[in-house]
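Architecture and fold: a report
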Amino acid sequence: MTTTLKNTLLFFLLTIGCSLQAAEKPQKAAIASAHFMATEAGHRILAQGGNAFDAAIAVSSTLAVVEQHSSGIGGGAFWLLHRASDGKNVMIDGREMAPSKAHKDMYLDEKGEVNRDLALHGPLSAAIPGEIAGLDHLAQHYGKLPLSASLQPAIEAAENGFPAYARIIRHIERKKKILQRYPASMAIYLPNGKVPEVGDLIIQKDLAKTLKAVAKKGRKGFYEGKVAKKLVKANNADGGIWTLEDLKNYKVLEREPIYSEYNGKKLITASPPSSGGIAIATILNILSAWDLNSMDVSKRVHLIAEAMRRAYRDRSIYLGDSDYVDIPSKLLTHPYYAEGLRASISEIQATPSAILPGIGESPKGTDTTHFSIIDTEGNMVSATLTVNTGLASGFIAAGTGVLLNNEMDDFSAKPGEPNAYGLVGDQANAIEPGKRPLSSMSPTIVIGDDEVAVLGTPGGSRIITMVLLGILDFDAGNPPASWVALPRFHHQYLPDKIYAEKDAFTPEMIAALEKLGHTVQVHNGKWGNMHAVHWDKKTGTVQAASDPRNPMAKAEVK
Ligand code: GLY
């Protein structure tokens, strides 16, 4: 080979190498979250040299201050990570744990009925929070910046306040009677006894102090020492059962995500104690035999609803905290298993849920939150965070600013008894000390040959089906603005109905579905609060999109 030829070849190889390398990284970073201050906090931390994992700490902690009806440091979360440098995928499980004194009958009254007030309101409804342990873990193991730097935007938001907005005001109005039971909750949400108006600043000095203690001491600033003592004292004074040991023993876990495939795309999603990943994988496996994009739209909805019905039925029987119960994850996510389920679906007739043996349990917690991030290295975070229902237990632990979750209601307080979201469960999700309640949170990453989707949403029992519809829309070639805006429908096995947002179906489609034997119930309300990012690997471009149902949300590429 002549020198000229060698040089030409070398130049050619280098050029290909460079362009591959260039295309292997996103040109910009993208963040989409439920509140503009959280999205801006994430970009601020990226601008300071942080990576997507540091930004995730900033977004999570800022949401914990400005969107407390949805998530907070008194709650828990799943952060699904993809690390570009080594391709590692992992789910950081910061789900709450039942206190050591919890027991399976703790919410039953003398007649054996579930006391809904105890299960949902006040300190007895609160499990041991996991969010701070998760943020500390992210900083220690995945971030580039110290935890204190990434918490700074949240500390400022708590100290200086944020303007009240329609959604949080609605939650305060709805929960007013519960908030009035507790002086520390009144002080924040009902100053001078009144519900704040749009634009009034909500200032949280105690929460700022707690966040500063965490910034200084890491997880010990929350789970041990002064803050822990105040949390336990306040919790016990109003009927809770937390102990100092419970806080100290809180364990954040690294879980292997659920992997699956759909139309040649790799799905990475939430593992137990979330039910979401397994259910989404089952549904997609069932659907994989049909060309959904080319069929009549009513038939498409029918088949999707039938697949949802079967996955939610399995959820009710098999799923719980995998550290306490044996979950047949491999079987449930296996294509052969889906083949059997598919064979039981008629293309011309709905299957009544009553003839599918199961418990008919439901997932809970509509007021959760989600954000998605991709940075310029190609690191990704899909995170769903919760305190369970809107404004959680309604109980702020005096002197800490921490609003306690009511995640104990995500357990099944009594097998077969529906929870706040109409979901029912079995022994797999019964209350046990130290156990994590079953969740529906489904943070997801979908990796295709040339493009990547990062998505998720809050929405209680409907999280799973909303994420599923987003994945199908991505697969159909639509952009993230479409995934987050789509009108949504849902089937959860029991009640045996297809639920739909107002614009999801035309009257003709409803008639066609009813003819197949479905009961369709249209809701006037809006569902979900999806935030997604997309990376086109061919061009290196990224997009971010936030659910138009939430006017406070912000999706930003920078
Ligand atoms: N609390 C809502 C969920 O975890 O599904």
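For every chain, the first residue of the written sequence is number 1, and numbering continues from 1 onward in sequence order. Local features are withheld for residues below a pLDDT of 70 in this predicted model, meaning they are given only at 70 or higher, and side-chain atom pairs are given and counted only at 80 or more; totals for whole chains, interfaces and linings count all residues. Note that water and hydrogens are dropped before the side-chain values are worked out from all heavy atoms of the structure.

**Section: the overall build of the protein**
Segments assigned H or I by DSSP are reported as helices when at least four residues long, segments assigned E as strands when at least two residues long, and all are numbered from the N terminus. The helix and strand tally for the protein stands at 19 helices and 20 strands. The globule rule used for comparison is 2.2 Å times the number of residues to the exponent 0.38, while the radius of gyration itself is calculated over C-alpha atoms. In terms of overall size, the protein behaves like a compact globule, its C-alpha atoms giving a radius of gyration of 23 Å where 558 residues would be expected to give roughly 24 Å. In terms of its C-alpha atoms, the protein occupies a principal-axis envelope of roughly 85 × 60 × 45 Å. For each residue, the accessible area found with a 1.4 Å probe, counting protein chains only, is set against the maximum for its type, and the residue is called buried under 20%, exposed over 50%, and partly exposed in between. When burial is assessed residue by residue, the protein has 61% of its 558 residues classed as buried. The contact criterion used throughout is that any non-hydrogen atoms of two residues lie within 4.5 Å. Put simply, of all contacts in the protein between residues at least 6 apart along the chain, 74% involve residues at least 24 apart. Only the protein chains shown count as cover for residues, and the accessible areas themselves come from Shrake-Rupley with a 1.4 Å probe. Just so you have it, the protein exposes about 20600 Å², and 54% of that area is on carbon and sulfur atoms.

**Re the side chain of Ser 298**
With respect to the secondary-structure elements, Ser 298 resides in helix α14 (residues 297-318). Here Ser 298 is in contact with Met 509, Ala 512 and Leu 513, once residues within four sequence places are set aside.

**A look at the confidence of the model for the protein**
Per-residue confidence for the protein gives a mean pLDDT of 93; residues scoring 70 or more make up 92%. Within the protein, helix α1 (residues 3-23) has the poorest average pLDDT of any element, 40, and helix α3 (residues 52-66) the best, 99. pLDDT is defined as a per-residue confidence score from the predictor, taking values between 0 and 100. Under a pLDDT of 50 for its full length, residues 1-22 has, in the predicted model, two contacts with residues more than four places off or in other chains.

**Re the packing of α3 against helix α5 (residues 131-141)**
Helix axes are fitted only over the stretch in contact, all axes being lines through C-alpha atoms; the angle between N-to-C directions runs from 0 to 180 degrees. Where α3 contacts α5, the two axes come as close as 9 Å, and the packing angle between them is 160°. Overall, the two elements α3 and α5 adopt an arrangement that is roughly antiparallel. Crossing angle aside, the handedness with which α3 passes α5 is left-handed. Contacts between α3 and α5 involve Phe 53, Ala 56, Ile 57, Ser 60, Ser 61 and Ala 64 from the first element and Glu 131, Leu 135, Leu 138 and Ala 139 from the second. Under this scheme an angle from 65 to 115 degrees is roughly perpendicular, one under 35 degrees roughly parallel, and one over 145 degrees roughly antiparallel; angles in between are oblique. Rotating anticlockwise by less than a right angle from the far helix to the near helix defines a left-handed crossing, while the corresponding clockwise rotation defines a right-handed one.

**Quick word on the site of the ligand**
Nearness here has a simple test: a residue counts as near a molecule or strand if at least one of its heavy atoms is within 4 Å of that partner. Among the 11 residues in the neighbourhood of the ligand, the closest are listed as Arg 95, Glu 407, Asp 410, Ser 439 and Ser 440. Under this definition, polar contacts are N or O atom pairs within 3.5 Å; protein pairs additionally need one hydrogen-donor-capable and one acceptor-capable atom, and for neighbouring residues in sequence, both atoms have to be side-chain atoms. Between Asn 388 and the ligand, the recorded distance is 2.9 Å, taken from a side-chain N or O atom to a nitrogen atom. One nitrogen or oxygen atom from the main chain of Ser 440 is found 2.7 Å from an oxygen atom belonging to the ligand. Coverage of the ligand by the protein chains reaches 100% of its 200 Å² of free accessible surface. The classification used treats Ala, Val, Leu, Ile, Met, Phe, Trp, Tyr, Cys and Pro as nonpolar, Asp, Glu, Lys and Arg as charged, and all other residues, Gly among them, as polar. When grouped by side-chain class, the residues that make up the shell around the ligand number one nonpolar, six polar and four charged.

**As for a positive patch on the surface**
Patch definition: residues with relative accessible area over 30% and no salt bridge; like charges joined within 9 Å; nonpolar side chains (Val, Leu, Ile, Met, Phe, Trp, Tyr) joined within 5 Å. We define a salt bridge as a side-chain nitrogen of Lys or Arg found within 4 Å of a carboxyl oxygen belonging to Asp or Glu. We score Asp and Glu as negative and Lys and Arg as positive, and we do not count His or the chain ends. For the purpose of locating charges, the reference atoms are NZ of Lys, CZ of Arg, CG of Asp and CD of Glu. Where like charges cluster on the molecular surface, the positive patch consists of Arg 170, Arg 174, Lys 502 and Lys 526. Along the chain, the position of Lys 526 falls in the loop between β17 (520-523) and β18 (531-536).

**Focus: the side chain of Glu 407**
Position of Glu 407 relative to the elements: it lies in the loop between β12 (402-403) and β13 (444-447). At 3.4 Å, the side chain of Glu 407 forms a polar contact with the backbone nitrogen of Asn 388. Other than its neighbours up to four places away in sequence, Glu 407 contacts Arg 95, Glu 96, Ser 125, Ala 127, Thr 386, Val 387, Asn 388 and Pro 437.

**Details of the pairing of strand β10 (residues 380-386)**
Counting buried residues along β10, seven of its seven residues qualify, which places the element largely inside the surrounding structure. On β10, burial covers both faces: Met 380, Ser 382, Thr 384 and Thr 386 on one face and Val 381, Ala 383 and Leu 385 on the other are all buried. A strand pair is defined by DSSP finding two or more bridges across the two strands. Where strand β2 (residues 76-82) meets β10, seven bridges bridge the pair, whose relative direction is antiparallel. Within β10, the residue paired with Gly 76 across the bridge is Thr 386. Hairpin geometry of strand β9 (residues 368-374) and β10 is characterised by an intervening segment of five residues between the two adjacent antiparallel strands and by a positive phi of about 95° at Gly 378.

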